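# Summary of the model geometry
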Amino acid sequence: MKAVCWCGVNDVRVERVPDPELLDPRDAIIKVSLTAICGSDLHLYNGFIPTMREGDILGHEFMGEVVEVGSDVDNLQIGDRVVVPFAIACGSCYFCEEQLYSLCDNSNPKAWMAEKLYGQAPAGIFGYSHLMGGYAGGQAEYVRVPFADVGPLKVDTGLSDEQVLFLSDIFPTGYMAAEACAIKPGDTIAVWGCGPVGLMAIKSAFMLGAERVIAIDRVPERLQLAQLNDRVELVHFDKEDVVEVLKEMTAGRGPDACIEAVGMEAHGTGLDWAYDRAKQAVRMQTDRPTVLRHAIQACRKGGVISVPGVFGGVVDKFPLGAAFNKGLTFRMGQTHVQRYMRPLLERIEQGEIDPSFIITHRLPLDDAPHAYEIFEEKQDGCIKVVMQP
Amino acid sequence: MANPIVKQKEASVNVSRGERWVSLAAGSALALLGLTRRSPAGALLAASGGYLAVRGLSGRCAIYQMAGANTDHLEDNTGFAVEKSVTVNEPVEAAYAFWEEFDYLARSLKQVKPSAGDEWESGLGRRALSRFNQLLFGPKPGWEVEVLDRRENERIRWRAHTDAGAESQGAVTFQEAPGGRGTEVKIRFAYKPARSILGYTAAALGNEIVAQQVKEELRRYKRILETGVLPSIEGQPSARRPAPVEEQDEGAEPAAGEKQLVDEDVVTEASWESFPASDPPGWRDGE
């Protein structure tokens, strides 16, 4: 089959690889009908997530048709149309029982590796480095889905692939980030990053009753997309001092919650960003916490910092003093997708949201190298690429 | 009961007989070699050799004492000690019964054998790990296990040895975790490596590797108990070529000059699916 493979930093290729096979009785094989490139795939593309191996198949946002099921998978039939959550969960460990699926104890075959780095190991993730299990991803014609009796969501309504694909990651991710803000009537939510997750977080914050949502970015088409779809207020971080502007917009209080939908490769302006960029470039820190610092500085006392943006290692100059003395609460982590898929599918069915509004590029899988390039460089107005094998 | 004073005296000897002879011989040789060289390095050599020789004569090793090691009297808390535990999301009865059924005791003592799902081993390099275990426990380990006592749903204590003189003694205990969080399963044991200088070196330098192997064994136990499978990525596709095996299909050779990606982790043994059938435990209690 054809698959998008990581062959080195800024080097992805479409390669011929063997078809996947069932390896466990709880596996299923999915024929991929639609897959997407996630912003977090760019961290792999740019080489900021360790333990990638040359030849690994990428992709953790995908859906398709069940073509083979293992003997222990009794809830799926051949021919079912399913959306697959990006994090793999066993469904029976303590964490799965608590619905903390992305913290599953059992799905990461390379748990020992993550334990050395993080103390304990999170769940395995499709196509997201060997630290996260080394599973082959879904930017391919076929993909093997472990614990297929737990994760995949059957979608048999008349909704199109594009409308339901993002249940695999970014819609639940944006939603969980907004939910973590514990939004009360009158709340103002600031969202850093108007990429796909940020846009979903903005939508979700309004769904959950936010009074105001302030979106922060500098890419014109992203700000435009954020504004077109909601009564969102915009802050352009190249032109304005974000922290000061946010405080002014809220009469000195600061936003009640701040969503950091950017992650380890944050951009910014001024000295602290230059410092982060330089330290990361010489590998003295793995992640750039530029946006996180601004969020901490801007957030109202007693507020929430919600972090759907991906971090992988260590950061420097983290203003813990500000966070401590303002009594901030931090909520973060990989999304417990399985918990949100069904209720969010209902919202799509009821017409509350159509997540396909973020798609800017529809390409064949063969064009993956080009797609990664324009997504990384934010060329051609690229916000979200979906690919058909 | 033994006389406490006698016991005290015995306890201060912490080096086994075989090791004492090796220590005495090697130490004397080093000391002589050191004395023939009239240099600071020679003095150091002589001093180290002298220490080894005295250690061999007396059977007392200050370094072992500091490390809590004892190769003479193997009890639960002497020798090279390993302690690892895991929480399984099952009641004590199920955790204990599953352990018995699959004979994890014998399995975890067995020489490590590559099987699908042993991701930790493949990460380290299976050959290196297997080599390490051979140094440590002997070329043909095959542990002889003797159960000292077993209390249902509480603990199993055992003693074991290999042909090469490696010994181990310890227990696996089962205890209810607080707040309905399942069962805490703990392995505690002490071991003496195979009777060779290499065995002792391997143990002194690589006890962490032994501990990690026990930890991985506990992880496998937990995963099979909780999910019925052992999640693995072995056998999944990638753009890496499988590592060359004999009778490589010539048609599969990539064009000259093309970059070749080779998978180094080779699976040569039976798959996990066939466990435990392909992999009979070396020992069964009461049979």
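Residues numbered from 1 in each chain as written. Chains lettered and ligands numbered in written order. Predicted model: local features only at pLDDT ≥ 70, side-chain atom pairs only at ≥ 80, totals over all residues. Heavy atoms only, no water.

## Comments concerning the sheet that holds strand β16 (residues 329–332) of chain A
All names here are of chain A.
- With parallel pairing, the six strands of this open sheet are ordered in space as β13-β12-β11-β14-β15-β16. Of all strands in the sheet, those with a lone pairing partner are β13 (233–236) and β16, marking the two edges. With strand direction ignored, the average angle separating the axes of adjacent strands in the sheet is 20°.
- Along the sheet, helix α8 (residues 242–249) contacts β11 (188–192), β12 (212–217) and β13; its crossing angle with β12, the most-contacted strand, is approximately 165°. (Pairing = 2+ DSSP bridges. Helix = DSSP H or I, 4+ residues; strand = E, 2+ residues; numbered from the N terminus. Axes fitted to C-alpha atoms, helices over the stretch in contact; angles between N-to-C directions. Contact = heavy atoms within 4.5 Å.)

## Examining the pattern of salt bridges
- Going through the model one piece at a time under the given rule, you end up with 34 salt bridges over all chains.
- When the shortest N-O distance is used, the salt bridge between Glu233(A) and Arg212(A) registers 2.7 Å. Remark: Arg212(A) occurs in strand β12 and Glu233(A) occurs in strand β13; sequence separation between them is 21 residues.
- For Glu154(B), the salt bridge goes to Arg151(B), with nearest N and O atoms at 2.9 Å.
- The exposure class assigned to Glu154(B) is partly exposed, which follows from its relative accessible area of 40%.
- On the accessibility criterion, Arg151(B) (40% relative accessible area) is partly exposed. (Salt bridge = Lys/Arg side-chain N within 4 Å of Asp/Glu carboxyl O. Buried < 20%, exposed > 50% of the residue type's maximum accessible area, 1.4 Å probe, protein only.)

## Re the pairing of strand β14 (residues 257–260) of chain A
Residue and element names in this part refer to chain A.
- Here β14 shows a buried face lined by Ala257 and Ile259 and a second buried face lined by Cys258 and Glu260.
- Where β11 lies against β14, four bridges are found, and the strand directions are parallel. Note on β14: the bridge partner recorded for Ile189 is Ala257.
- Across three bridges, the pairing between β14 and strand β15 (residues 304–307) is parallel.

## Quick word on the packing of aromatic side chains
- Counted according to the given criterion, the structure contains 14 aromatic pairs over all chains.
- Among the aromatic residues, ring-to-ring pairing joins Phe80(B), Phe137(B), Trp158(B), Phe189(B) and Tyr191(B) into one connected group.
- Between the NZ or CZ atom of Lys203(A) and the centre of the ring of Phe357(A), over which it lies, the distance is 5.0 Å. (Phe/Tyr/Trp six-rings, centres within 6.5 Å; stacked < 30°, edge-to-face > 60°. Lys NZ or Arg CZ within 6 Å of the ring centre and 35° of its normal.)

## Points about unusual backbone geometry
Residue and element names in this part refer to chain A.
- Of note in this structure, Thr51 is not a glycine but carries a positive phi near 70°.
- By the element assignment, Thr51 lies in the loop between α1 (39–45) and β4 (56–57).
- Thr51 sits in the partly exposed class, given a relative accessible area of 28%.
- Of note in the backbone geometry, Phe147 takes a positive phi value of approximately 45° without being a glycine.
- Looking at the secondary structure, you find Phe147 in the loop between β9 (142–145) and β10 (153–154).
- Judged by relative accessible area, which is 3%, Phe147 ranks as buried.

## Quick word on the packing of helix α6 (residues 196–207) of chain A against helix α7 (residues 220–229) of chain A
All names here are of chain A.
- At a minimum axis distance of 11 Å, the contact between α6 and α7 shows a crossing angle of 20°. Here α6 is positioned roughly parallel relative to α7, judged by the angle of their axes. Crossing of α6 against α7: the hand is right-handed. Between α6 and α7, the residues in contact are Leu199, Ile202 and Lys203 and Arg222, Leu225, Ala226 and Asn229, respectively.
- Considering only residue class, the contact of α6 with α7 consists of four nonpolar, one polar and two charged. (Parallel < 35°, antiparallel > 145°, perpendicular 65-115°, else oblique. Left-handed = near helix turned anticlockwise from the far one by under 90°. Nonpolar A, V, L, I, M, F, W, Y, C, P; charged D, E, K, R; others polar.)

## So, helix α10 (residues 290–298) of chain A
- Counted residue by residue, α10(A) has seven buried out of nine residues, so it is predominantly covered.
- Of the positions making up α10(A), those classed as buried are Thr290(A), Val291(A), Leu292(A), Arg293(A), Ala295(A), Ile296(A) and Ala298(A).

## Quick word on a nonpolar patch on the surface
- Nonpolar side chains collect at one region of the surface, where Val22(B), Leu135(B), Ile197(B) and Leu198(B) lie side by side and expose about 330 Å² of accessible area between them.
- By secondary structure assignment, the location of Leu135(B) is in helix α8 (residues 126–137). (Patch = residues over 30% accessible without salt bridge, like charges linked within 9 Å, V, L, I, M, F, W, Y side chains within 5 Å. Areas by Shrake-Rupley, 256 points an atom, 1.4 Å probe, with all protein chains shown as cover.)

## Regarding the interface of chain B and chain A
- Taken together, the contact between chain B and chain A spans 32 residues of the former and 39 residues of the latter.
- Looking at the side of chain B facing chain A, the largest losses of area belong to Arg223(B), Pro237(B) and Arg240(B), adding up to 19% of the total buried there.
- Here Asp105(A) makes a salt bridge to Lys222(B), at a shortest N to O gap of 2.9 Å.
- Those elements that place two or more of their residues in the side of chain B that touches chain A are α7 (119–124), α9 (197–227) and β7 (262–263) of chain B.
- Here the residues of the side of chain B that touches chain A are counted per class, giving nine nonpolar, eight polar and 15 charged. (Buried area = accessible area lost by both parts, 1.4 Å probe.)

## Observations concerning the sheet that holds strand β1 (residues 2–6) of chain A
Residues and elements named next belong to chain A.
- Spatial ordering of the open sheet is given by β2-β1-β4, a layout of three strands whose pairing is antiparallel. With one partner strand each, in any of the chains shown, β2 (12–16) and β4 form the two edges of the open sheet.
- Pairing of β1 with β4 involves two bridges; the strand directions are antiparallel. Within β4, the residue paired with Cys5 across the bridge is Ile57.
- Contacting β1 and β2, helix α13 (residues 368–377) runs over the sheet at an angle of about 165° to β2.

## Re the pairing of strand β3 (residues 28–36) of chain A
All names here are of chain A.
- Within β3, seven of the nine residues are buried, leaving the element largely enclosed by the surrounding structure.
- Relative to strand β5 (residues 61–69), β3 is paired through eight bridges, and the arrangement is antiparallel. Bridge pairing in β5 places Thr35 opposite Phe62.
- Pairing of β3 with strand β18 (residues 385–388), which is carried by two bridges, proceeds in the antiparallel orientation. Each residue of the ladder has a partner; that of Thr35, found in β18, is Met387.

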